[in-house]
Amino acid sequence: MSSSIPHDRLTGALRRQSVKKNVAAIHVSGKLTLLQRKLSNVLLLNAYDSLVTRSKHQIDARTLCMMVGYNSNDMDTLKQSLRSLAETTAEWDMLDANGRQEWGVSALLSYAKLSAGVCEYAYSPALAEKLHDPKVFALINLNIQRRFTSGHALALYENCYRFLRTGSTGWWPIDLFRRLMGLDGSAYYESFKHLNAKIIKPAVAEVNKTSNILITPELHKMGRQVSEIRFLIKENPQLAMLDIDDGEGLRQGAVYTALMELGVSDRLARQWISQHGEDYVSEKIVYLKGRGGVDSPVGYLSAALKNDYKAEKPVAPTPKAKAAAV
DNA sequence: GAGAGTTCCGCAAACACGCT
DNA sequence: AGCGTGTTTGCGGAACTCTC
């Protein structure tokens, strides 16, 4: 190209305080389950402030479980997840401060250990430096990520969100897209129709339903074959960032309290309320209380919600509930 | 016929969570 | 803190239609 503009002074580069790092250039290879993705984000968030100043970080294991929305006492699963994070690599390909191309690879966590209920972990110095970027921080919106139920949807969200200002992602060769979703190495998904049916459609639907962006897939074909994909991205007016709460609001409600008293688990209670609405759930609770003699209230309530039991004339209860009612 | 698109099914692994 | 168990998710596949 001809334009090596000489009057663009070197001092210009010196004056520029903020070096633009390309967040899009960090990507994680291999497959992470939803729990693992959430976990890595929580760990990063926890470490963020001291990312470059301290070489190791700590978080209470209980808090950790709570923040990823994982309510179980099963430490084995947590261990498994931490292990896979340590085994997973992150790769970056970006311009360094001098405008030179830099490529690098690092384990997501250099180590993690659990002792006395505290989880201690560390990032490799090189990765920590890459991660210490306000844009990365903004990306990790816990309130949003906690809402996702599918790992693919969260992966898609993470890969799309940073293009919000641009309005669309670039055209991704299908190959690249598969890698972004952590699906490479699967013969099954080499067929686009399968990829579309199992991954793209459900993930797009979930992103649009639960996050603060709306995405629309667009396809490029070469002949009949789909060769590239991109996503148009808009803000989701229905779900501005501020409107999204993490279920804490629900936990204050009377319906939630009533469910807890019946012995319903936290997760299920939130799921029912958000799925059916408070009124409907509370109607069924009233109905349940009117029945009496039910020895598995939770199971009965579950059936009542699903089959819309009415006070006048109960629809045939499930076998289990029927047995319980005798 | 080749590939997309859709709708079923089944299995294994991951996960949730009460119980002890 | 770990075990047992029921549920959900991920993944592969079959069958069938639709459109170039």
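Look up: the structure comes first, before these words.
Remember, predicted model here, so these are calculated numbers, not experimental data.

Caption draft 1: Representation of the overall build of chain A. Along chain A, the regular secondary structure elements total 16 helices and nine strands. When burial is assessed residue by residue, chain A has 40% of its 326 residues classed as buried. Here chain A displays about 18,900 Å² of accessible surface, and carbon together with sulfur accounts for 53% of that area.

Caption draft 2: Local environment of the sheet that holds strand β5 (residues 111-115). The three strands lie next to each other as β2-β6-β5, forming an open sheet whose pairing is antiparallel. Edge strands, defined here as strands with exactly one partner in the open sheet, are β2 (57-60) and β5. Between one strand axis and the next, the sheet turns by 20 degrees as a mean value, whatever way the strands run. Two strands pair when backbone bridges link them, and β5 and strand β6 (residues 118-122) are joined in this way by five bridges, in the antiparallel orientation. In the sheet register, A112 faces β6, and the bridge partner there is Y121. Where helix α2 (residues 34-47) meets the sheet, it contacts β2 and β6, and its direction lies at approximately 115 degrees from that of β2.

Caption draft 3: Layout of the sheet that holds strand β9 (residues 225-235). On the basis of which strands lie adjacent, the open sheet formed by three strands has the order β7-β9-β8 and antiparallel pairing. Here the strands that pair on one side only, and so sit at the sheet edges, are β7 (172-173) and β8 (213-222). As defined by bridge partners, β8 adjoins β9 across 10 bridges and the pair is classed as antiparallel. Opposite I215, over in β9, you have I233 as the bridge partner. Helix α8 (residues 151-161) rests against β7, β8 and β9 of the sheet, and its axis sits at about 90 degrees to β8.

Caption draft 4: Geometry of the nonpolar core. L156, F177, L195, I215 and F231 are the most contacted members of the largest nonpolar core, which totals 30 residues. Elements represented by at least two residues in this core include exactly α8, α9 (174-180), α10 (192-210), β8 and β9. Those residues in contact with I215, other than ones at most four positions away along the chain, are L156, C160, V204, V207, N208, F231, L232 and I233. Grouped together as the second largest cluster of nonpolar side chains are 25 residues, A47, V68, C119 and Y123 included.

The rules behind these values
Residues numbered from 1 in each chain as written. Chains lettered and ligands numbered in written order. Predicted model: local features only at pLDDT ≥ 70, side-chain atom pairs only at ≥ 80, totals over all residues. Heavy atoms only, no water. Helix = DSSP H or I, 4+ residues; strand = E, 2+ residues; numbered from the N terminus. Buried < 20%, exposed > 50% of the residue type's maximum accessible area, 1.4 Å probe, protein only. Areas by Shrake-Rupley, 256 points an atom, 1.4 Å probe, with all protein chains shown as cover. Pairing = 2+ DSSP bridges. Axes fitted to C-alpha atoms, helices over the stretch in contact; angles between N-to-C directions. Contact = heavy atoms within 4.5 Å. Core = buried A, V, L, I, M, F, W, Y, C linked by side-chain atoms within 4.5 Å.

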